[in-house]
Amino acid sequence: MRLDAYVRALGLPEGGLSLRFGLLGPVEVRRNGRPVPLGSPKQRALLTALLLEPNRVVSIDRLITAVWDEEPPHSAVANVRTYVNRLRGTLGEGDRLTARPPGYVLTAHAGELDVTEFADALRQGRKALSAGRPEAALRHLSAALARWRGAPAEDVPRSAALGPRLDALAEQRCLALEAQAEARIMLGEHADAVPELRETVAAHPTRERLWGSLMLALYRTGDSAAALSAYGQARAFLAEELGVEPGPELAELHRSILNRDPALCAVPPPPAPGPYHPAPAPKAEPTPVAGSGNLVGRDLELDELVAAIAASPPRPVAVHGPAGVGKSALALHAVRMAAPDFPGGVLHVDLRSLPRPGAYETPARLLSLLGLAGDQIAPDLDDAVLQFRTATTERRVLVLLDNVTDEGQLRSLIGACPDCRFVITSRRVLAALDDVDHLPLAPLTDDTAYELLVRLCGRDRVDPEQVRRVARLCDNLPLALRIAGKRLAVRREWTLAAFADMLACEEHRLDLLTCGDLSVRSALDLDYQALRQCGGTANGSALALFHRLGERGMADCGSTTAAGLLGCDRRTAWAALGRLADLRLMKSIAPDHYRMNDLTRLYAMEIARTAGKHESGNSAAFV
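Residues numbered from 1 in each chain as written. Predicted model: local features only at pLDDT ≥ 70, side-chain atom pairs only at ≥ 80, totals over all residues. Heavy atoms only, no water.

### As for the overall build of the chain
When its secondary structure is counted, the chain shows 27 helices and 16 strands. Residue burial in the chain is summarised as follows: out of 623 residues, 51% are buried. Intrachain contacts of the chain at a sequence separation of at least 6 include 68% that bridge at least 24 residues. By element, 53% of the accessible surface of the chain is carried by carbon and sulfur atoms, the whole surface being about 28,200 Å². (Helix = DSSP H or I, 4+ residues; strand = E, 2+ residues; numbered from the N terminus. Buried < 20%, exposed > 50% of the residue type's maximum accessible area, 1.4 Å probe, protein only. Contact = heavy atoms within 4.5 Å. Areas by Shrake-Rupley, 256 points an atom, 1.4 Å probe, with all protein chains shown as cover.)

Here you go:
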């Protein structure tokens, strides 16, 4: 076999060399499987700065800041060039490290950088965990953690520029450990998880979620005394090292263990539904709506929504806005306030949780909330709607339909049930529905974002400048602010400035804005998946444009720019921009001027990188 054919068969780059870059431990480069010398600490620091932003230009000024923590020497620029030339010789491929104004770019192909592989596996693991697939989650998370060889870039001096970015990587490792523990507990591997968790909490004793997983695993093995002892150890450590008490979630778990709360026991899977036997709907009381917590900065919208619910004659009211803006929280709060006026009760369906959220699944889920078993619910859409109408006649029922994606999911239902009041949340305006009041929701103002973040992380820690900096990095979105506040509340050894520095690292910001089942990335993924699953020329062009913008890290775009990116006419480009605006992936801020918020831009960059691994790169691959 010829050498070039052999290289292609192995999946290696065309030059015949196989390079592997590693930051998850001592910095390393392997060429054809063998480690190569990387020179002085400052040269390794420069390589680290380049690998933290692979395939992107890193300016000479930023490289200097990364290498010299103190005042750089007068020869800093010349020294950087010397280090670059030496690294080129080390890599053995001249085009891997190239000059590109205003600095240099280091090319790392798919499968060559452990940081990227770790991030991809962690992302897949967390996504599987959120979807209730712990087996797949554990597989991905174990693969992610296997990439680690020690502390990130542990042989490189921690400069003020590199330190926060490496700390962000270490934080991602802790998130993976927490998610791995959660997956194992979901799988019932409590006894096997205990030894690993003991070792993990010893290495990361400030991680309250890890302590919680250890306590739960111990309790489910029948050793409640050990679970209570673990809480005592966590409390003692937090008091001694940080001067704080355990957070509310860990304290609540402790109380539940003391009370031997049955909810702590593993929940068996639901039984399979039996055959269909028609039956009338019972008069069971509906499931109550969970509390939505306190709202900040939404007084006007809340008053408007409550008034719309109480208006006569009744009309459905739809709250719409971009991912993470707080539509569900506002709707839940308003529904809870209005509930006393609805003696028939309140029903809440989150369509995002339905396996196939179509027109039939909505009334079917509502009927199940009214107490019907699966074999009692009519298998036909019209019959199921009639069942629900019969069950709610003259009962004044308030129905909250959360995360609606299109009008077809509820058109048949809301038109056939005059005795129900409907509150709807959706990303886009459901313009095709008749006789609906539409309430738009925008991100918080700077002042209200500041107030929300302060309430969540504690006023005793407030650094006004850094609070506002964190809020800006969260785009003033309530979901992102809520996650940031919860993370700061738990990680009380972090200063606001340190957390802001970690968020400022674009490559890890979306990873940091994840807490348990709350995730900015997951929220944005719903819009992207909706775009992918739709056919038609406009959706295909919109998908291609989203990838093109992500490839270039662009936030602003008009029809002329879009036409150039897509290689199409302006009319097609305008349609693509409009479709992205419909899905709230962009916002129209002026005639023929659209913009992504920063978190969406970072998500688009992630998607483009992922797509680049699997697609050929031509425009047809995206459409």
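### Some remarks on the sheet that holds strand E2 (residues 28-31)
What the 3 strands build is an open sheet, ordered E1-E2-E3; its pairing is antiparallel. Of all strands in the sheet, those with a lone pairing partner are strand E1 (19-22) and strand E3 (34-35), marking the two edges. Bridge analysis of E1 against E2 gives 4 bridges, and the strand direction is antiparallel. Following the sheet pairing, Gly22 is matched in E2 by Glu28. Packed onto the sheet, helix H4 (residues 76-91) meets E1 and E2 and runs at close to 40 degrees relative to E2. (Pairing = 2+ DSSP bridges. Axes fitted to C-alpha atoms, helices over the stretch in contact; angles between N-to-C directions.)

### What to know about the nonpolar core
Nonpolar side chains tend to gather and get buried jointly when the protein is soluble and globular. Core analysis: the biggest nonpolar cluster contains 85 residues, and Leu305, Ile309, Val423, Val470, Val520, Leu545 and Phe546 have the highest contact counts within it. Among the nonpolar cores identified, the runner-up in size contains 79 residues, and Ala45, Ala66, Ile185 and Met215 belong to it. (Core = buried A, V, L, I, M, F, W, Y, C linked by side-chain atoms within 4.5 Å.)

### Some words on helix H10 (residues 224-241)
Between the first and last C-alpha of H10 there are 26 Å, a value that for 18 residues agrees with the 26 Å anticipated at 1.5 Å per step. Taken residue by residue, H10 has Ser224, Ala226, Ala227, Ala230, Tyr231, Ala234 and Leu238 as its buried positions. Taken down its axis, H10 places every buried residue within 165 degrees of arc, on the same side. Facing away from the buried side of H10, by more than 90 degrees, are the exposed residues Ala225 and Glu240. Backbone geometry just downstream of H10 places Gly243 in the positive-phi region, at approximately 70 degrees. (Expected span 1.5 Å × (residues − 1). Arc of directions from axis to C-beta.)

### Comments concerning helix H7 (residues 162-186)
Note: α-helices contain 3.6 residues per turn, so residues at a spacing of three or four share the same orientation. The terminal C-alpha atoms of H7, which comprises 25 residues, lie 37 Å apart, in line with the 36 Å expected from a rise of 1.5 Å per residue. In the segment just after H7, Gly188 is the residue with positive phi, at about 80 degrees.

### Notes on the environment of Ala181
Along the chain, the position of Ala181 falls in helix H7. When its relative accessible area of 5% is taken as the criterion, Ala181 is described as buried. Residues Ala181 and Ser213, spaced 32 residues apart in sequence, show a C-alpha to C-alpha distance of 6.5 Å. Excluding anything up to four places from it in sequence, Ala181 contacts Leu197 and Ser213.

### Remarks on the packing of H7 against helix H9 (residues 208-220)
Running from amino to carboxyl end, H7 crosses H9 at an angle of 20 degrees, the nearest separation of the two axes being 9 Å. Taken as axis vectors, H7 and H9 run roughly parallel relative to one another. Note that H7 runs across H9; the crossing there is left-handed. For the pair H7 and H9, contact is made by Leu177, Glu178, Ala181, Glu182 and Ile185 and by Arg209, Leu210, Ser213, Leu216, Ala217 and Arg220, respectively. Class assignment of the residues belonging to the contact of H7 with H9 gives a composition of 6 nonpolar, 1 polar and 4 charged. (Parallel < 35°, antiparallel > 145°, perpendicular 65-115°, else oblique. Left-handed = near helix turned anticlockwise from the far one by under 90°. Nonpolar A, V, L, I, M, F, W, Y, C, P; charged D, E, K, R; others polar.)

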